[in-house]
Structures are given as structure tokens and as C-alpha cells.
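A closer look at the structure
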Amino acid sequence: MNRTVSLQPMFVTNRTTLAEIDNHLASAETRIVVVTLEKGSSHGETVVEHIGEHYSDVRIVLVCEGTAQDILAMAFKQGVWACVGRQSSVETLREAIDTVAAGARFVAPELVNAKPANAANAHERTDHGGKLNTFHEDEESTQLTRRERQVLTLIAQGRPRREIAELLKVSPRTIDAYRARLLQKLSLDSSVQLVKYAISAGLAN
């Protein structure tokens, strides 16, 4: 059966069944799926896992409820290319879809710039204006080697550690070591925070 070309992404809600998704992806050229994750329901995450497992060529745009950190954590799910919040504007969602269609990853600016849930967290270093420092600053950028920047960029793109290892021709354990070193150098606690740093520094594309 010949596939028909669809210029619009497929939008998935809690009412969309896995069978409907399979039928659509089998018969259309749509390779972008917008999945809405709602609080109190695991259907959206089930959809993300299903698509990630069975459709390696499909790019998922997530529309999520919850805190910025919760949403950004979803960026590491297989197949996810973009994350926006439920409160994000229609323009932001459109930008996310266009960016993913162009082959790049996207995170809504309001998620990157959101304050952490625990503002008193000593690991979140801030400047005198209360904004998160980035390695646009000379002192910060000189701390990272070229290879560390490469690893950070690939982590921020949501690539699995094995894929990063293959791209850089090193072992997955070496990537783990680089990740640990980045967390230590930047005084961060998690990959989510690494992603926020990388995006704010323009290293995530």
C-alpha cells in the first residue's frame, strides 16, 4: 500500500489508542507525532514508549503538565525530539514542530529558564541578578575541554549513552565518566540540569 503524504503532524490524546497510532503511521508519511501527557494518566507515557520502541524514524513532540524539571526529564525518552509545557503558547508549539521537522531538537524557552523547585539548592549557582550562570561567560567556558563540550552537546540532544559512545568512538563507560566530570565541574546534580545549561549556552542544536 502506497503511503500518502501528510504535511501535518499526528496529534495524540488520551483518547487515541495504540492501534489508531499504528494504523496512521503505517499509511501516512507523517513522521512527527505530538503527544499530550496529562497528570493522573499514564497513557501518554505508554504512547511515547510504544513509538520509541517500534518507530525509530518518528519524532515525538511532547506537550506536558508538571514542573519544568519533570518535563525536561521526559526529553531523555527514546524518540522524543521536543518538549513544551501545557501552558506554552500555540506559537511555541508551532516552533517546536517546525524545528523538529527541520531535523533539530527543541525545548520551550520557559522550561529552560524556569527556576528550580528548590530555589535554595546550593548546587544551582546564580549570579547577582538571580539568573542561572551559563558558560557564555569566559570563566565558565574555559573549564570545559573540547571533548567535554561534545559530550555535553550530545547529552543535551537526548542521545542515548551508547549512541554517544559510538559517535565519539569511545566506550559507554567513558561517556559515564565524562558526564560525571561535567556534573562536578559545573556543580550540577542531574542530566536535566546539564541540558538546561547546554540549551542556555546554545550547545543543544
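Below is a summary of the structure that appears in this document.

Parameters at a glance
- Residues numbered from 1 in each chain as written.
- Predicted model: local features only at pLDDT ≥ 70, side-chain atom pairs only at ≥ 80, totals over all residues.
- Heavy atoms only, no water.
- Disulfide = S-S within 2.5 Å.
- Salt bridge = Lys/Arg side-chain N within 4 Å of Asp/Glu carboxyl O.
- Helix = DSSP H or I, 4+ residues; strand = E, 2+ residues; numbered from the N terminus.
- Axes fitted to C-alpha atoms, helices over the stretch in contact; angles between N-to-C directions.
- Parallel < 35°, antiparallel > 145°, perpendicular 65-115°, else oblique.
- Contact = heavy atoms within 4.5 Å.
- Nonpolar A, V, L, I, M, F, W, Y, C, P; charged D, E, K, R; others polar.
- Buried < 20%, exposed > 50% of the residue type's maximum accessible area, 1.4 Å probe, protein only.
- Pairing = 2+ DSSP bridges.
- Right-handed = clockwise from strand over helix to strand, strands pointing away.

Our next topic: the state of the cysteines. Scanning all chains against the criterion turns up zero disulfides. Cys-64 forms no disulfide, and the closest cysteine sulfur to it belongs to Cys-83, at a distance of 5.2 Å.

Take the pattern of salt bridges next. Tallied over the entire structure, the rule returns six salt bridges. Of the charged contacts in the structure, one is a salt bridge between Lys-185 and Glu-148, with a shortest N-O distance of 2.9 Å. Of this pair, Lys-185 sits in helix α9 (residues 172-185) while Glu-148 sits in helix α7 (residues 146-156); the two residues are 37 residues apart in sequence, bridging distant segments of the chain. What you see here is one network of salt bridges that share partners, running through Glu-148, Arg-181 and Lys-185.

With that settled, the discussion passes to the packing of α7 against helix α10 (residues 191-200). The contact between α7 and α10 brings their axes to 9 Å, and the two run at 105°. Our classification of the angle between α7 and α10 gives roughly perpendicular. Listed contacts from α10 to Leu-152, Ile-155 and Ala-156 of α7 are Leu-194, Val-195 and Ala-198. The class makeup of the residues in the contact of α7 with α10 is six nonpolar, no polar and no charged.

Attention now moves to the pairing of strand β3 (residues 59-64). Regular strands place side chains that alternate from one sheet face to the opposite one. Within β3, five of the six residues are buried, which leaves it mostly tucked inside the rest of the structure. Here six bridges tie strand β2 (residues 32-37) to β3, and the two strands are oriented parallel to one another. Across the sheet, Val-34 pairs through a bridge with Val-61, a residue of β3. With helix α2 (residues 43-54) bridging β2 and its parallel neighbour β3, the resulting β-α-β unit is right-handed. As defined by bridge partners, β3 adjoins strand β4 (residues 80-85) across five bridges and the pair is classed as parallel. Its bridge partner being in β4, Val-61 is matched across the sheet by Ala-82.

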